[in-house]
Amino acid sequence: MKLNKLIGRVLVFVFVLGLAVFDKLSAQPVPGKDENVPFLVTFGKEGQTSWGDDSFFQIFFFSIPKDYKQPFYIRIFDPDCGGEWDEIEGDFNSKYLFSVYGGKGVDPEKNEDSKGLLKGVNYKAGNLLASRVFGSEARYDNKWYTFGPFNPAEGDFNEKWNSNIFKIVCEGVSGDDGNLFKYFLSRDPANNLTIEGGNAFTFKYHIRLWNDYKSVSHIYPYIDTGIIFIKQSNFDWDNDGTILVVSKYKQGIEVPISNQDDWASSKIPIEPEEVNSSLDFQFHKKQENEGGLVKNNNVVITLENQRGDAIKFYSSPIGGVPIYVPKPKITKISPKK
Ligand SMILES: [Ca+2]
Ligand SMILES: [Ca+2]
Ligand SMILES: [Ca+2]
Ligand SMILES: [Ca+2]
């Protein structure tokens with residue numbers, strides 16, 4: 001091989017490696033960078049479900065690779081409900097309990113109840129590591145609050161992913177207002193510094209959509225071995241735009257959307273080529289010529305497989321953002337005689 005050709009190949013390799021590392025490093029904001037979701041949202045339990053939260057709590061999991069042994073932190077942006085970002089009903093009079101869990105019972109692959117999808121089950125199994133109640137507090141308005149330090153060994157170890165799993169629950173314990181916030185899994189208490197190979201996931205996403213026409217939000221469910229179809233369910237979509245499902249195999253399947261305070265569900269077939277990769281659910285806002293901007297739209301989405309098991313969506317898509325690859329047209333060649 002000629003030297004300049006070799007150098008070229010090495011440069012390409014370094015570039016690709018760099019991209020892979022960058023992808024890993026961008027995994028800890030929640031919502032994730034590729035998701036382009038402005039905020040998570042949880043309402044106080046005296047709120048109306050018609051404002052876009054069906055259950056008044058939400059759960060997130062963090063996975064930390066086994067070989068990361070330093071202390072880590074879970075940071076919350078705008079944990080208060082008041083001042084900037086949050087959604088007021090009457091006056092700001094709501095309180096939210098954020099609690100962090102580790103230890104046995106947390107890993108949802110071993111404890112179904114931990115997913116927090118079924119009514120009346122204990123979704124708080126595990127050891128309570130930290131908690132705090134936030135109301136309307138100027139001190140934490142438009143600012144970060146830090147939980148930790150936590151020891152990665154305090155998590156619930158998952159062999160398949162070779163990672164320690166932690167969980168954070170946000171519950172609207174009183175009031176009726178909407179708390180908008182974000183998380184960051186950090187190796188520093190005062191700055192957002194990523195942990196290589198770390199990721200975050202949930203089974204039920206409570207989010208705010210953008211207040212503009214052009215921004216598209218995404219979620220990236222991971223399609224594990226054995227999945228042949230998935231059922232999507234979305235809540236209180238306010239008839240806002242379209243949800244498209246894209247993969248390397250799907251150019252864009254439109255799925256039914258809910259309107260006000262109701263659920264819409266549908267089944268989406270999975271092709272063998274889509275197993276062990278992520279799908280891209282794209283949330284396109286209703287446009288000006290389609291009836292105008294739907295403002296402050298809070299929505300919930302869940303996914304399950306053909307057996308009724310909930311499907312994870314990761315803040316950083318496993319295997320990267322899927323891109324549709326058009327299939328080459330096959331021309332039949334008649335066999336030679
Ligand atoms: Ca605020
Ligand atoms: Ca209120
Ligand atoms: Ca907030
Ligand atoms: Ca809504």
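Quick note: structure is the one above.
Please read these numbers as outputs of a predicted model, since none were measured by experiment.

**Considerations on the overall build of the protein**
Consideration 1: Of the regular secondary structure elements, the protein holds 1 helix and 22 strands.
Consideration 2: For the protein, contacts bridging at least 24 residues in sequence account for 81% of all contacts bridging at least 6.
Consideration 3: Counting only carbon and sulfur atoms, one obtains 55% of the accessible surface of the protein, whose full area is about 16200 Å².

**Comments concerning the coordination of the calcium ion (ligand 3)**
Consideration 1: The coordination sphere of the calcium ion (ligand 3) contains the protein donors Asp 78 (O), Asp 78 (OD), Asp 80 (O), Asp 86 (OD), Asp 86 (OD), Asn 179 (OD1) and Leu 180 (O), at a distance range of 2.2 to 2.9 Å.
Consideration 2: Along the chain, the residues donating to the calcium ion (ligand 3) fall in the pattern D-x1-D-x5-D-x92-N-L.
Consideration 3: A gap of 4.0 Å separates the calcium ion (ligand 3) and the calcium ion (ligand 1), which Asp 78 links by coordinating each metal. Of the two residues, Asp 80 is situated in the loop between strand S4 (72–77) and strand S5 (95–102) and Asn 179 in strand S10 (residues 178–186); the sequence distance between them amounts to 99 residues.
Consideration 4: The buried category is assigned to Asp 80, whose relative accessible area is 1%.

**Quick word on the pairing of strand S12 (residues 204–208)**
Consideration 1: Of all 5 residues making up S12, 5 are buried, and the element is well covered by its neighbours.
Consideration 2: Of the two faces of S12, both are covered, the one formed by Lys 204, His 206 and Arg 208 as well as the one formed by Tyr 205 and Ile 207.
Consideration 3: Inspection of the sheet shows strand S2 (residues 39–43) paired to S12 by 2 bridges, in the antiparallel sense. Across the sheet, Phe 39 pairs through a bridge with Arg 208, a residue of S12.
Consideration 4: Note that S12 and strand S21 (residues 298–305) share 5 bridges and pair antiparallel. From the neighbouring strand, Ile 207 faces S21, where its bridge partner is Val 299.

**Let's talk about unusual backbone geometry**
Consideration 1: Residue Pro 31 follows Val 30 across a cis peptide bond; omega there is 0°.
Consideration 2: With respect to the helices and strands, Pro 31 occurs in the loop between strand S1 (29–30) and S2.
Consideration 3: With phi around 50°, Asn 162 is a residue other than glycine that occupies positive phi space.
Consideration 4: Mapped onto the secondary structure, Asn 162 falls in the loop between strand S8 (156–158) and strand S9 (163–174).
Consideration 5: When its relative accessible area of 40% is taken as the criterion, Asn 162 is described as partly exposed.
Consideration 6: In this structure, Asp 261 takes a positive phi of about 60° despite not being glycine.
Consideration 7: By the secondary structure assignment, Asp 261 is in the loop between strand S17 (253–255) and strand S18 (263–269).
Consideration 8: Relative accessible area serves as the criterion here: at 34%, Asp 261 is assigned to the partly exposed category.

**Digging into the coordination of the calcium ion (ligand 4)**
Consideration 1: The calcium ion (ligand 4) binds to the protein through Asp 236 (O), Asp 236 (OD), Asp 238 (OD), Asp 238 (OD), Asn 297 (OD1) and Asn 298 (O), with metal-donor distances spanning 2.3 to 3.1 Å.
Consideration 2: As a motif over one chain, the donors of the calcium ion (ligand 4) read D-x1-D-x58-N-N.
Consideration 3: On the accessibility criterion, Asp 238 (18% relative accessible area) is buried.

What counts and what doesn't
- Residues numbered from 1 in each chain as written.
- Chains lettered and ligands numbered in written order.
- Predicted model: local features only at pLDDT ≥ 70, side-chain atom pairs only at ≥ 80, totals over all residues.
- Heavy atoms only, no water.
- Helix = DSSP H or I, 4+ residues; strand = E, 2+ residues; numbered from the N terminus.
- Contact = heavy atoms within 4.5 Å.
- Areas by Shrake-Rupley, 256 points an atom, 1.4 Å probe, with all protein chains shown as cover.
- Donors = N, O, S within 2.8 Å, 3.2 Å for Na, K, Ca; no water.
- Buried < 20%, exposed > 50% of the residue type's maximum accessible area, 1.4 Å probe, protein only.
- Pairing = 2+ DSSP bridges.

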